[in-house]
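Secondary and tertiary structure notes
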Amino acid sequence: MEKKCFFPQGLSEECGVFGVFDCENAAELAYYGLHALQHRGQEGCGIATTDEKDIYRERGEGLVTEIFSETKLSKLKGNRAIGHVRYSTAGGGGIDNVQPFRFRHYSGDFSLCHNGNIVNSRGLKLMLEKQGSIFQSTSDTEILAHLIKSDARRDRLAVIMEALSMIEGAYVFLIMTPTRLYVCRDKNGLRPLSIATLNGGYVISSETCAFEAVGATYLRDIEPGEIMVFETGKEPCSYTFSEANTHLMCSMEYIYFARPDSDIENINVHTFRKQCGRLLAQLYPVDADIVIGVPDSSTSAAIGYAEESKIPYEMGLIKNKYVGRTFIQPSQAMREKGVRLKLSPVRSLLKGKRVVLIDDSIVRGTTSSRIVQMVREAGAAMIHVRIASPPMKHPCFYGIDTSTYEELISASKNENEVCQYIGADSLYFLPKEALLQAGQRTQMCFACFDGNYPTFLYQSKDELNTERKF
Ligand code: AMP
Ligand code: SF4
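Residues numbered from 1 in each chain as written. Chains lettered and ligands numbered in written order. Predicted model: local features only at pLDDT ≥ 70, side-chain atom pairs only at ≥ 80, totals over all residues. Heavy atoms only, no water.

Before going further, it helps to examine empty space enclosed by the protein. Under the defined criterion, the tally for this structure stands at five cavities of 30 Å³ or more. Taken as a whole, the largest cavity spans an internal volume of roughly 100 Å³. Lining the largest cavity are 14 residues; nearest its centre among them are Cys-250, Cys-396, Tyr-398, Cys-445 and Cys-448. Each residue belonging to the lining of the largest cavity can be placed in one class, and the counts come to 11 nonpolar, two polar and one charged. Quantified by volume, the second largest cavity comes out at close to 40 Å³. Taken together, Arg-185, Pro-192, Leu-193, Ser-194, Ser-206, Glu-207, Asp-221, Met-249, Asp-263, Ile-264 and Glu-265 make up the full set of residues lining the second largest cavity. In the lining of the second largest cavity, the residues fall into four nonpolar, two polar and five charged. (1 Å grid on protein atoms, 1.4 Å probe; cavity = no way out; pocket = protein on both sides within 12 Å on 5 of 7 lines; lining within 4 Å. Points joined across faces, edges and corners; volume = space filled by probe spheres on them. Nonpolar A, V, L, I, M, F, W, Y, C, P; charged D, E, K, R; others polar.)

Here it is as structure tokens:
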């Protein structure tokens, strides 16, 4: 029987959103904001604006700098905007899945964008299709759009709040009408979303690093289960659509995904990672000559390990930053000849040294084994790998692309076996308790490490895992 993937794009969306309310040059601000969020998605991007009469939109497949020109930005009129950068794994999804989406409806036009993943999208989509909805894309985001437009007689806020209470998963949504901007975050607070002020107006961003880019002043995070409404001529209003609020921020945001200059729920990401490195050094010390990190995401943890252990930090690996999306990937034959694109070892530093190699995470294990091999070939005498997160044993169903059970090396191998597989002299992972300590938090989502998914999943893990394979 043919296996069917019901929402392939929805399962791999690690995106970034940026919103502007009542600021001059909203499109230009969104452009700079999205550029600062580019690490959250390189596949596609888009900006929608409104001048309170109509909604304008430009979008495309590619990087922010590739898609937008001054001419395109000048077409995006008005002082309100929402923007999106989209990440997707193989398969792409095409222009139809690039956000923001724009909907024309007799109840009023609106545009929306989203970061995260809805876990009950299958049931909701089926329900909506039975009611006559026709879907244009395979994205989860469209489900909210159909829920919102399904009842045109009632106030939009009430309809949105009802829709949000039906949606389960990890998400932030920005919904823009000609007169209002709605900003929403899921009840567990799995994805980050913050708000800042700028020249009497407001900007909203997945990460605070974008506030620096546009010169905005951080105000606060949007709370889990909160919807904020910005409306012409009124003070912003805050509502709660779910009382069952927890602060289960995705730990992978801190570990790998977010930029080090961002603060997530008042904890700076670099500081968090550095503290993880310090805790790794306390828990798993080793005699060594140098500490190196895998750039860029592991640099902070490597600095922390070095500071705590008093072993010097060295730049043993250098990253080539110009290996972009459009770079021609080497053939297997070139790979076998030793063509390496992203990382280079610094031989003169590594030769004869006992090295502590810090990485932020091991997912499939392929990167770690390549790097260990590379460092050994460069002459390192010993390689002690320390990972600034626990063994990843479960897939993420909340929008971070962390593979299937079959691909996750720690799902089938214990720590000794993983150590052997990657060819290290020793290997240790940071326990989740240390992550809480590093973030001075009592709660976080650790489901990809411990399998405790914070929401009902609606389908069995096996079923969801099978869908991820397509
Ligand atoms: P691997 O073990 O070969 O799958 O690669 C692990 C490396 O990929 C880690 O060192 C991270 O820097 C990076 N990484 C972790 N999570 C992700 C993710 N969701 N998407 C892309 N890269 C990731
Ligand atoms: Fe983040 Fe892992 Fe939870 Fe997914 S399962 S939201 S990657 S912590």
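Resuming the write-up.
Bringing the domain arrangement of the protein into the picture now. One can read the domain layout of the protein as domain 1 (16-246) and domain 2 (269-441). Using only C-alpha atoms to locate each centre, domain 1 and domain 2 end up separated by 34 Å. The interface of domain 1 with domain 2 comprises 14 residues on the first partner and six residues on the second. Note on domain 1 versus domain 2: buried area summed over both sides is about 690 Å², and carbon and sulfur give 57% of it. The interface formed by domain 1 and domain 2 contains zero salt bridges. At the boundary of domain 1 with domain 2, the tally comes to two residue pairs in polar contact (both at pLDDT 80 or more). Looking at side-chain class alone, the side of domain 1 that touches domain 2 contains five nonpolar, six polar and three charged residues. (Domains from an automatic or database assignment. Contact = heavy atoms within 4.5 Å. Buried area = accessible area lost by both parts, 1.4 Å probe. Salt bridge = Lys/Arg side-chain N within 4 Å of Asp/Glu carboxyl O. Polar contact = N/O pair within 3.5 Å; in protein donor to acceptor, adjacent residues only side chain to side chain.)

A few words now on the site of ligand 2. Ligand 2 sits among Arg-191, Cys-250, Ser-251, Met-252, Cys-396, Tyr-398, Ile-400, Cys-445, Ala-447 and Cys-448. Here ligand 2 occupies the largest cavity. Among the elements of the structure, α8 (251-257) and α17 (447-450) are those that each provide at least two residues to the shell around ligand 2. Class assignment for the residues of the shell around ligand 2 results in eight nonpolar, one polar and one charged. (Near = heavy atom within 4 Å. Sits in = over half its atoms within 2 Å of the grid points. Helix = DSSP H or I, 4+ residues; strand = E, 2+ residues; numbered from the N terminus.)

Another aspect to go through is the sheet that holds strand β20 (residues 382-387). Strands belonging to one sheet form pairs held by backbone hydrogen bonds; the direction of such a pair is parallel or antiparallel. Taken in spatial order, the four strands make up an open sheet running β16-β19-β20-β21, and their pairing is parallel. At either end of the open sheet lies a strand with only one pairing partner, and these are β16 (290-293) and β21 (426-429). Within this sheet the neighbouring strands show an average axis-to-axis angle of 20°, counted without direction. This element, helix α10 (residues 299-309), spans β16, β19 (354-359) and β20 of the sheet and lies at about 165° to β16. Seen against the sheet, helix α13 (residues 366-377) touches β16, β19 and β20 and runs at an angle of roughly 150° to β20. (Pairing = 2+ DSSP bridges. Axes fitted to C-alpha atoms, helices over the stretch in contact; angles between N-to-C directions.)

Right, let's get into the sheet that holds strand β8 (residues 180-185). Sheet architecture is open: six strands sit in the order β5-β6-β7-β8-β12-β13, paired in antiparallel fashion. With one partner strand each, in any of the chains shown, β5 (101-103) and β13 (237-240) form the two edges of the open sheet. With direction set aside, neighbouring strand axes in the sheet form an average angle of 20°. Where β8 and strand β12 (residues 226-231) come together, five bridges link them in antiparallel fashion.

Right, let's get into α10. Along an α-helix, residues three or four positions apart point the same way, because every turn accommodates 3.6 residues. Taken residue by residue, α10 has Ser-300, Ala-301, Ala-302, Gly-304, Tyr-305 and Ala-306 as its buried positions. Buried positions along α10 lie against α9 (269-283), β16, β19 and β20. Positive backbone phi, at 65°, marks Lys-310, one or two positions downstream of α10. (Buried < 20%, exposed > 50% of the residue type's maximum accessible area, 1.4 Å probe, protein only.)

Looking now at the nonpolar core. Tyr-254, Phe-272, Val-291, Ile-358, Tyr-398 and Leu-435 are the most contacted members of the largest nonpolar core, which totals 49 residues. Among the elements of the structure, α8, α9, α10, β19, α16 (432-438) and α17 are those that each provide at least two residues to this core. Among the elements that take part in this core, α9 stands out by supplying six residues, more than any other. Residue contributions to this core reach at least three from each of two domains, namely domain 1 (16-246) and domain 2 (269-441). Core analysis: the second largest hydrophobic core is formed by 29 residues, Phe-18, Tyr-31, Ile-67 and Leu-198 among them. (Core = buried A, V, L, I, M, F, W, Y, C linked by side-chain atoms within 4.5 Å.)

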